[in-house]
Amino acid sequence: MKTADFDFDLPPDRIAEHPAKPRDAARLLDVAERLHDRTVRNLPALLEPGDLMVVNDTRVIPARLDGRRGEVRVEITLHKREGEREWATFARPGKRLKPGDVIAIAEDFTAEVVAKDGMEVRLRFSKGGPELMEALHRHGRMPLPPYIRREADEQDAADYQTVFAAREGAVAAPTAGLHFTPELLAALDARGIRRVPVTLHVGAGTFLPVKVDDIAEHRMHSEWGEISAETAEAINATRAAGGRIVSVGTTALRILETAGLDDRSIRAFSGDTDIFITPGYRFKIVDLLVTNFHLPRSTLFMLVCAFAGMDTMKAAYAHAIGQNYRFFSYGDASLLRRV
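If you check an unreviewed UniProt entry, the chain appears there as S-adenosylmethionine:tRNA ribosyltransferase-isomerase from Azospirillum himalayense. Regarding the chain, the relevant UniProt record gives this comment under Function (unreviewed entry): "Transfers and isomerizes the ribose moiety from AdoMet to the 7-aminomethyl group of 7-deazaguanine (preQ1-tRNA) to give epoxyqueuosine (oQ-tRNA)." Its UniProt record gives the chain the following Subcellular location (unreviewed entry) comment, quoted word for word: "Cytoplasm".

What follows is the structure, given as structure tokens:
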């Protein structure tokens, strides 16, 4: 298939700069046999007792840093942890950086370029482990996506974090989870919808454009994830009892499908995944998907087309644009059913 098959026109004013207040007041497009305009607060009524909701418990770190190489200002966005001190990053401007260059971030905090691979720059920081996390919290800022055209502010430190956030390591939020509030969780509990966590530390590569014409030639970014034995057991028990698996977000879906087996059971998992889901993929685990509205020509729009059907999703997105739904990380949500 061609990347152009996943293109659509999106007016710039549909891109949300701030989240809905309160979070669960966001709109929800219920994509079933017909399209229904709802709100996220309606979600409990759209699910059934015995369904199991899977959420991503990753926590976003302040992954954007400003430094200097000599007199040149360098902006660093962490992408994927590669060791106690090393991270794969994106750097601007990155073309003139070369192995051995040192970027000064603060008086006691530097990063050395150890390798380059295309757009990616591998850095070794002067601090590691907990000291590195402490330095990031002191000197970093929240890494808002590139399509949000403003600088991150103090409110984003809370807004760009889900209620499920527990395990530090993401450099982008699992944005479907941003819609959930304690009140919505209580309503889901009352409805008999159980929840279990998985972890996928979302990387900045999730925002990389697909630059090839043939999607089979796209190189998918790698991210680290984990599914506990307890979560795998709960999913398998739900499936055996006839319940449905509801993924909150494409990040949770990707790690679930990575660990899924051909008999539609799942195993515990810990490691990297670069799964790239496109139309024709046979889903093993997920039955319903709560997800935001994604970029044209993106791997995530390809994923939702694979999940719910390309014609269905093109009609849903045309409806969303026509009805002034808000797109991307701080935007509205959709509820999709697996074809």
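What follows deals with the overall build of the chain. Regarding its fold elements, the chain presents eight helices and 17 strands. The C-alpha atoms of the chain give a radius of gyration of 20 Å, which matches the 20 Å a tight globule of 339 residues would have. Across the 339 residues in the chain, those meeting the buried criterion constitute 56%. Within the chain, residue pairs in contact and separated by at least 24 positions form 71% of the contacts whose partners lie at least 6 positions apart. Within the structure as shown, the chain displays about 14,700 Å² of accessible surface, and the carbon and sulfur contribution to it stands at 49%. A distance of 2 Å separates the average location of the 46 positive side-chain charges in the chain from that of its 49 negative side-chain charges.

Another aspect to go through is helix α4 (residues 182–191). If you check which residues of α4 are buried, you get L184, L185 and L188. Projected down its long axis, α4 carries its buried residues within an arc of 100 degrees, all on one side. Set apart from the buried face of α4 by more than 90 degrees, the exposed residues are P182, E183 and A190. Summarising the contacts, the buried residues of α4 are in contact with α1 (43–46), β3 (52–56) and β12 (194–200). Looking one or two places after α4, you find G192, whose phi comes out positive at around 90 degrees.

Every buried residue belonging to helix α2 (residues 129–139) is among G129, L132, M133, A135 and L136, and all of these are buried. Across the axial projection of α2, the buried residues extend over an arc of 160 degrees, all falling on one side. Along α2, exposed side chains directed more than 90 degrees from the buried face belong to P130 and E131. Of the surrounding elements, those touching the buried residues of α2 are β5 (64–69), β6 (72–81), β7 (86–92), β9 (109–117), β10 (120–125) and β11 (167–170).

Attention shifts here to empty space enclosed by the protein. Applying the stated criterion across every chain yields a total of three cavities of 30 Å³ or more. Of the voids in this model, the largest cavity is the one considered here, and its volume is about 310 Å³. Lining the largest cavity are 25 residues, with T175, T206, T250, H294 and L300 sitting closest to its centre. Where the lining of the largest cavity is concerned, the elements lending two or more residues are α6 (250–259), β16 (288–292) and α7 (299–308). In terms of residue count, the dominant contributor to the lining of the largest cavity is α6 (three residues). Within the lining of the largest cavity, the residues separate by chemical class into 11 nonpolar, 12 polar and two charged. Taken as a whole, the second largest cavity spans an internal volume of roughly 70 Å³. Of the residues that constitute the lining of the second largest cavity, the class distribution is five nonpolar, three polar and two charged.

What counts, and where the lines are drawn
Residues numbered from 1 in each chain as written. Predicted model: local features only at pLDDT ≥ 70, side-chain atom pairs only at ≥ 80, totals over all residues. Heavy atoms only, no water. UniProt positions renumbered as here; feature names shortened; annotations may be inferred. Helix = DSSP H or I, 4+ residues; strand = E, 2+ residues; numbered from the N terminus. Rg over C-alpha atoms; globule rule 2.2 N^0.38 Å. Buried < 20%, exposed > 50% of the residue type's maximum accessible area, 1.4 Å probe, protein only. Contact = heavy atoms within 4.5 Å. Areas by Shrake-Rupley, 256 points an atom, 1.4 Å probe, with all protein chains shown as cover. Lys, Arg positive; Asp, Glu negative; His and termini not counted. Charge placed at Lys NZ, Arg CZ, Asp CG, Glu CD. Arc of directions from axis to C-beta. 1 Å grid on protein atoms, 1.4 Å probe; cavity = no way out; pocket = protein on both sides within 12 Å on 5 of 7 lines; lining within 4 Å. Points joined across faces, edges and corners; volume = space filled by probe spheres on them. Nonpolar A, V, L, I, M, F, W, Y, C, P; charged D, E, K, R; others polar.

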